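One letter stands for each residue in the lines below.
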Amino acid sequence: MIRYRGFRAMQWVVERLPRQWGYAFAIMVGRFAFLFARQARSALEENLQVALPELDRRQLRRVAWRNFRNHAKAYADLMRLPVARVEDLRPLLRVEGTENLERARERHRGVLVISVHMGSWEVAAAIWAATVAPVTLFAEELEPRELYEWYRRTRARLGISVLPLTRAGLRQVLVALEQDEMVITAIDRDITGTGIVVEFFGRPARIPDGPAAIALRKGTPLLPVAVYRLPDDTFHAVGYPPIFAEPTGDRLADVRCVTCQLVERLEQVIRAHPDQWHLPHRIFLPPQSLESPVGSGRFTLRR
Amino acid sequence: MKVGLVSPYDYTHAGGVTEHVRHLAHWLRRLGHEVRVFAPSSRRQAEYEIPDFYRIGRVFPIPGNASVARITLSFHLARRVREILDREQFDVLHFHEPLVPGLPLTLLPWAHAPQVGTFHAFARSNIGYHYGRPILRGYVSHLDATIAVSVPARDFIRRYFPQLEPRVVPNGVDVDRFRPGLVPIRHLRDDRVNVLFVGRLEKRKGLGDLIQAYRYLRSRVPRSRLIVAGDGPLRGMVESLCSRYRLEDVVLAGYVPDQVLPRFYGTADIFCSPATGRESFGVVLLEAMASRLPVVVTEIPGYLSVVEPGVDSLTVRPKSPVALGEALTVLARDPLLRARLAEAGYIKAQTYAWPVVAAQVLEVYREAQRVHAARLCPPAQVPA
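The rules behind the values
- Residues numbered from 1 in each chain as written.
- Chains lettered and ligands numbered in written order.
- Predicted model: local features only at pLDDT ≥ 70, side-chain atom pairs only at ≥ 80, totals over all residues.
- Heavy atoms only, no water.
- Core = buried A, V, L, I, M, F, W, Y, C linked by side-chain atoms within 4.5 Å.
- Buried < 20%, exposed > 50% of the residue type's maximum accessible area, 1.4 Å probe, protein only.
- Salt bridge = Lys/Arg side-chain N within 4 Å of Asp/Glu carboxyl O.
- Helix = DSSP H or I, 4+ residues; strand = E, 2+ residues; numbered from the N terminus.
- Expected span 1.5 Å × (residues − 1).
- Contact = heavy atoms within 4.5 Å.
- Domains from an automatic or database assignment.
- Buried area = accessible area lost by both parts, 1.4 Å probe.
- Nonpolar A, V, L, I, M, F, W, Y, C, P; charged D, E, K, R; others polar.
- Pairing = 2+ DSSP bridges.
- Axes fitted to C-alpha atoms, helices over the stretch in contact; angles between N-to-C directions.
- Phe/Tyr/Trp six-rings, centres within 6.5 Å; stacked < 30°, edge-to-face > 60°.
- Lys NZ or Arg CZ within 6 Å of the ring centre and 35° of its normal.
- Right-handed = clockwise from strand over helix to strand, strands pointing away.

Draft legend 1. Region of the structure containing the nonpolar core. Core analysis: the largest hydrophobic core is formed by 56 residues, its most contacted members being A:Phe200, A:Phe201, A:Leu222, A:Trp277 and A:Phe284. Grouped together as the second largest cluster of nonpolar side chains are 45 residues, A:Val14, A:Tyr23, A:Leu93 and A:Ile184 included.

Structure representation (C-alpha cells):
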C-alpha cells in the first residue's frame, strides 16, 4: 500500500507538471533508484553485459545509468496517461514499417505484436488503439494490486485492454485475435516460468513460447516491433517484417524455430538501443541449462 | 449551400453544443454543402489543425448553469469577424446559443446572410435572459428562423422571448460510430454487470447519487461494476467517496477520447444518467440506445423528451439514490428486461440518426432564406 501511495503521490505531481518538468522530476527519482536499488542495477548490468560483451566496466555503468534515466522517463509518460490526449500524442510518434503492419493485417487473423521491455509503449499503443485497431496488452500483473488496477484503468480510457498472463487472459487473447485485434506482448522475460530455453545473446534464457504456439495453431502473423525514445523525447516505432509461422508437423521443433527467429530479431533491436532495454531482472540461466528442451507448456495450445 | 456555424464554446473542449456543431458540420459536408465553423479555442493551433475552422478569441471559463461555460470575451475581434463575413458571403449563418455572451452576440448584428439560431439550454431560470431582455430583444430580431433541441428547451426560451417560435429539431446521434457489437475493453468485460456513466463530473450530473445507488446495487448484486467515463471538477469528490465506501469496483476512467468512447458503451450492460436537472436533452442517452443498452435515467424534462419510461428505459425521481439503486438492481438481475429495453431504445435511436436530423436543419435553413428574402424585399414594395 505504501508503494502504491508513493506512486500515486508522484503521479499526482507529474500529471500537473509540463512534460519536460515531469521528465526532470522523474530523472531525479531515477538517480536515487540508480544509487540505492543495487539489486535492480546489478541485474540490469548483468543483462547488458551479456548483450554487449565488448563493453568494459565503465562503459557498462554509463549505459546502465542512461537506461535508468530512460526508464524514469518512461514512468513519467505512464504517469501522464490519465491526462494524455491522443491528439497531443500523435505528433510525438514517427512510425516506420507501416507496410509490415499492413502485410500482417491483410490476413485478418489479428496481429501478435512481439517486443521486449523497451522504450515507452504508452504513446504508440494509445495512438494505435485510437486509429488502427483495438489493442490488447498481454502482460504480467504488477505489484501491488492497487497499482495494477490503476494501470488497467488508465489504459482502458485510451482503449487499451490489459490482460494478465493467466489461462483466462490467454482465452481472451485468442478471442481478441479472432476479432482481428492487435495483441502486444514482450517475450524477453518469462514470468510464469513455463517457456522454452533458447539461446539469447549466446546464453540460455527461458523465453515464452506462447506467441509461437498461437502463431502455429491459429495462423496469426507475428510482428516484431520496437518503440525507441529519441533524444528530443519523441518516439520512433519500427515494425519489422512479419513472421508467418508454417507448421511442419513437428510441433516442438516448430515452436522452437519460430521462437528463435523472434529472439534473433529482438537481439538486434536491443543491441541497437541497449540504454532503452528496461529489464532489471535476471533472465539468463547457467550455460548448461540449454539442454532442457521445453518448459511445461502452460500456454501451449493443444490440438 | 455555404453555411457558417457559430458556437460560443471552446471548440477543442468536449461539450454538448460543441459536439453538436462538429457533427452537424460533418453531416452537412457529407450532404454536399460548404461549411465553416466559427468558435473560440483554448488551443492556438486549432485553426491550422481543423479544416475550415476560424478560431475567434481566447477562452475564459465562466461558471453558470451549475457548470462552467468556456466562452470568449474577446469582443474586440468584431473587426476581424466582419472581414471574414464579407469575404465568405455565406448563404446561411447558423448560431448555436445565439444569446450567449461572446462570439454569437458579436457576430449577430454584422451578418447580412439569413440567420438561424439554435437554443440548446434548459434551466429553471436564466438571470441574464431575465434582466437582459430589453437589449437581447434587438439581437433576437436578427434571427430569421430558430430551432430548439427539445420541447423543454423551446419552452424555456419562449418564457423570455415569446415572440420566438422555434422548431424542435433534436440532437442527432452518429449511428455508425455508436452501434452494438463493438470490441469491448476486454479486461472490463467479464462476468460482472457493468453500469456505465458518461459525462462531465459536475454537480448537475448527479454523480453523488450514482455512487450511493451503486452502493445499494453492490450490496444486492456483488458481481457488478460501475464505470465512470468523464472528467471534471468533482473528480476528487468521487475518488474520496469511493475510497470512503471502499468501492473498489468503481472504474474512474477519466476523460475518454472520442475514438474510444463507443467501445465503453460496448463494454457496458446498463447505462445510467442520474442528472438532477438543467439538461435540455440527453445525447448520451441516444448514444447508449444506439449501442443497444438499456438506460436508467432521472425524470427530468430534457431526458423525458428522449426516453419513453418502461418502454426503452427505467426512470426514477431526481436526487433519489435509493430508487436509482432499486432500478439498477432490477435491471442487473433481469437480463431479459435489459434486452427488451435495449431493443426498443435501439430502434428509437435510429430515428435520431444524423442524416435525418441534418435534413431537418436544412429545411429550417431554406425557411430562413425565404424569411430573409421577404424581409429585404417586403411584398408591398415589390412592383406589380
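Draft legend 2. Expanded view of the pattern of salt bridges. Scanning all chains against the criterion turns up 37 salt bridges over all chains. B:Arg36 is the salt-bridge partner of B:Glu88, the closest N and O atoms lying 3.0 Å from each other. Remark: B:Arg36 occurs in strand E2 (residues 34-39) and B:Glu88 occurs in helix H3 (residues 78-88); sequence separation between them is 52 residues. For B:Glu88, a relative accessible area of 8% puts it in the buried group. According to the relative accessible area criterion, B:Arg36 is buried, its value standing at 13%. Of the charged contacts in the structure, one is a salt bridge between B:Glu239 and B:Arg235, with a shortest N-O distance of 3.6 Å. Taken as a pair, B:Glu239 and B:Arg235 lie in helix H8 (residues 235-244) at a separation of four residues, close to a single helical turn. For B:Glu239, a relative accessible area of 32% translates into the label partly exposed. If you follow the salt bridges from partner to partner, you end up with A:Glu15, A:Arg16, B:Asp231, B:Arg235 and B:Glu239 in one network.

Draft legend 3. Up close: helix H14 (residues 354-376) of chain B. Residue and element names in this part refer to chain B. Taking 1.5 Å per residue, 23 residues should reach 33 Å; H14 reaches 32 Å between its end C-alpha atoms and fits that length. Listed in full, the buried residues belonging to H14 are Trp354, Val357, Ala358, Val361, Leu362, Val364, Tyr365, Ala368 and His372. The secondary structure elements touched by the buried residues of H14 are strand E1 (2-6), helix H1 (16-30), strand E6 (92-96), strand E7 (115-119), strand E8 (145-148) and strand E9 (167-168).

Draft legend 4. Structural detail: the domain arrangement of chain B. Residues and elements named next belong to chain B. Here the domain parsing of chain B yields domain 1 (2-172 + 353-381) and domain 2 (186-350). Listed as interface residues are 21 residues of domain 1 and, on the opposing side, 16 residues of domain 2. Interface of domain 1 and domain 2: buried area, both sides summed, is about 1,400 Å²; carbon and sulfur atoms make up 53% of it. Linking domain 1 to domain 2 there are one salt bridge. Between Arg22 and Asp258 there is a salt bridge; the shortest N-O distance is 3.9 Å. Breaking the side of domain 1 that touches domain 2 down by element, the ones donating at least two residues are H1, strand E5 (67-71) and helix H6 (151-160). In the side of domain 1 that touches domain 2, the residues fall into 12 nonpolar, seven polar and two charged.

Draft legend 5. Quick look at the sheet that holds strand E12 (residues 250-254) of chain B. Residue and element names in this part refer to chain B. On the basis of which strands lie adjacent, the open sheet formed by six strands has the order E12-E11-E10-E13-E14-E15 and parallel pairing. Bordering the open sheet on either side are E12 and strand E15 (313-316), each of which pairs with just one other strand. On average, each strand axis in the sheet is inclined to that of its neighbour by 20 degrees, with strand direction left out of account. As paired strands, strand E10 (residues 193-198) and strand E11 (residues 224-229) are joined by six bridges and run parallel to one another. Bridge assignment links Val193 to a residue of E11, and that residue is Ser224. Set on the sheet, helix H7 (residues 207-220) makes contact with E10, E11, E12 and strand E13 (270-273); between it and E11 the angle comes to about 165 degrees. Across the face of the sheet, helix H10 (residues 283-290) comes into contact with E10, E13 and strand E14 (295-298) while running at roughly 175 degrees to E13.

Draft legend 6. Here's a closer look at the packing of aromatic side chains. In the structure shown here, the tally under the stated rule is 14 aromatic pairs over all chains. Summarising the aromatic geometry, the rings of B:Tyr11 and B:Phe53 are spaced 4.8 Å apart at their centres and angled 15 degrees between planes, so their arrangement reads as stacked. One end of the pair, B:Tyr11, is in the loop between E1 and H1; the other, B:Phe53, is in strand E3 (residues 53-55), with 42 residues separating them in the sequence. Assessed through its relative accessible area of 5%, B:Phe53 is described here as buried. Ring pairing ties together the aromatic residues A:Phe200, A:Phe201, A:Trp277 and A:Phe284, which thus form one cluster. When the ring centre of A:Phe34 is taken as origin, the NZ or CZ atom of A:Arg41, which lies over that ring, is 4.9 Å away. The aromatic ring of B:Phe90 is capped on one face by B:Lys2, whose charged end is 5.9 Å from the ring centroid.

Draft legend 7. Representation of the pairing of strand E3 (residues 135-139) of chain A. Residue and element names in this part refer to chain A. Counting buried positions along E3 gives five out of five residues, so the element sits mostly inside the fold. Taking every second residue as pointing to the same face, both faces of E3 are buried, with Val135, Leu137 and Ala139 on one and Thr136 and Phe138 on the other. One ladder, built from five bridges, connects E3 with strand E4 (residues 160-164); its direction is parallel. Looking at E4, one finds that Ala139 is bridged to Pro164. Note on the crossover from E3 through helix H8 (residues 145-157) to E4: the handedness is right-handed. Looking at chain direction, E3 and strand E5 (residues 182-186) are connected through three bridges and run parallel. Residue pairing in the sheet places Thr136 in a bridge with Val183 of E5.

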